Amino acid sequence: MSGETTITIIGNLTNDPELHFTQTGTAVATFTIASSPRTYNKQLEQWEDSEALFMRCSAWRDLGKHVCESLTRGIRVIASGQLRMRTYEAHEGEHRTVFEMTVDEIGPSLRFATAKPARAARKAPTSHHGTAPDAWATTAATGDKPPF
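Rules used in this analysis
Within each chain, residue numbers correspond to sequence positions counted from 1 in written order. Totals for whole chains, interfaces and linings use every residue, but because this is a predicted model, local features are given only for residues with pLDDT of at least 70 and side-chain atom pairs only at 80 or more, for both listing and counting. With hydrogens and water excluded, all non-hydrogen atoms of the structure serve as input to the side-chain values. Runs of E in the DSSP output that reach at least two residues are strands. Runs of H or I that reach at least four are helices, and both are numbered from the N terminus. Buried means the residue's accessible area, taken with a 1.4 Å probe over protein chains only, is under 20% of the maximum for its type, while exposed means over 50%, and partly exposed covers the values in between. In what follows, a contact means two residues having at least one pair of non-hydrogen atoms within 4.5 Å. Note on areas: these come from Shrake-Rupley sampling with a 1.4 Å probe, and a residue is covered only by the protein chains present in the view. Salt bridge, as applied in this entry: a Lys or Arg side-chain nitrogen positioned within 4 Å of an Asp or Glu carboxyl oxygen. Distance and chemistry together define a polar contact, namely a pair of N or O atoms within 3.5 Å, with one atom able to donate a hydrogen and the other to accept it when in protein, and with adjacent residues in sequence counting only for side-chain atoms on both sides.

Student: Teacher, can you tell me more about the overall build of the protein here?
Tutor: Secondary structure summary: the protein contains one helix and eight strands in total. Taken from the N to the C terminus, the helices and strands of the protein come in the order β-β-β-β-β-β-α-β-β. Within the protein, buried positions represent 24% of all 148 residues. Taking the contacts inside the protein whose residues are at least 6 apart along the sequence as the reference set, 56% of them involve residues at least 24 apart. Accessible surface for the protein amounts to roughly 11500 Å². Of this, 52% is attributable to carbon and sulfur atoms.

Student: I'm lost on the pattern of salt bridges in this one. Help?
Tutor: Think of it this way: side chains of opposite charge can pair up when their charged atoms draw near. Per the stated rule, a full pass over the model turns up five salt bridges. The residue E92 makes a salt bridge to R96 at a minimum N-O spacing of 3.3 Å. We classify R96 as partly exposed; its relative accessible area is 34%. What you see here is one network of salt bridges that share partners, running through E92, E94 and R96.

Student: Can you help me understand the side chain of T32 in this one?
Tutor: By the secondary structure assignment, T32 is in strand β3 (residues 27–35). Polar contacts involving the side chain of T32 include one to the side chain of R56, which spans 2.8 Å. The residues contacting T32, other than those within four sequence positions of it, are N12, L13, T14, F54, M55 and R56.

Student: Any chance you could explain the side chain of T30 here in plain terms?
Tutor: Within the fold, T30 resides in strand β3. For T30, the side chain forms a polar contact with the side chain of R56, separated by 3.4 Å. Among all residues touching T30, those that are not within four sequence positions of it are P17, E18, H20, R56 and C57.

Right under this line is the structure:
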C-alpha cells in the first residue's frame, strides 16, 4: 500500500509466538521483539546496551502459522512490516495509544546462528485472482525447467 510506514527491526523474541484465530477462522500469531542498540564506549573500552525497544507484532494467515512453527523465545530475528498506531480505552476509562507492527516478512538472523529453511507445503495451486492454476506452484511436465 502506498503511504504505509514500513519499518525493519532486528532483535530477540521475548516469548514463544502465540497462535490465535479470529471469529472468521483467520490465523494470527502475536509476539514481541526486543531490540537493544549497543554502542561502544571508548572511554571505558566496552560495549554498552542502550534502552530496549519492545515492539508488539502480529503475523497473519500462513505467515503466522510458519512463525509459530519456526521461531521460539530468545531467537534473534529480522522482521519487516507496517507500523500501526492503535488507540483504545483502558478499564479505568483513560485513552491509551500503542504502536504495533504488522509483519510482512520475518526470519532468523544468521549473524550468530544457523538455519535450515524448509519450503512450506502450498495449498491448491490457484492464481491471485483464483481463476487459473499457478504454473510456478507445481513441477513442470519437463522436469524442473520453468513452464515457458
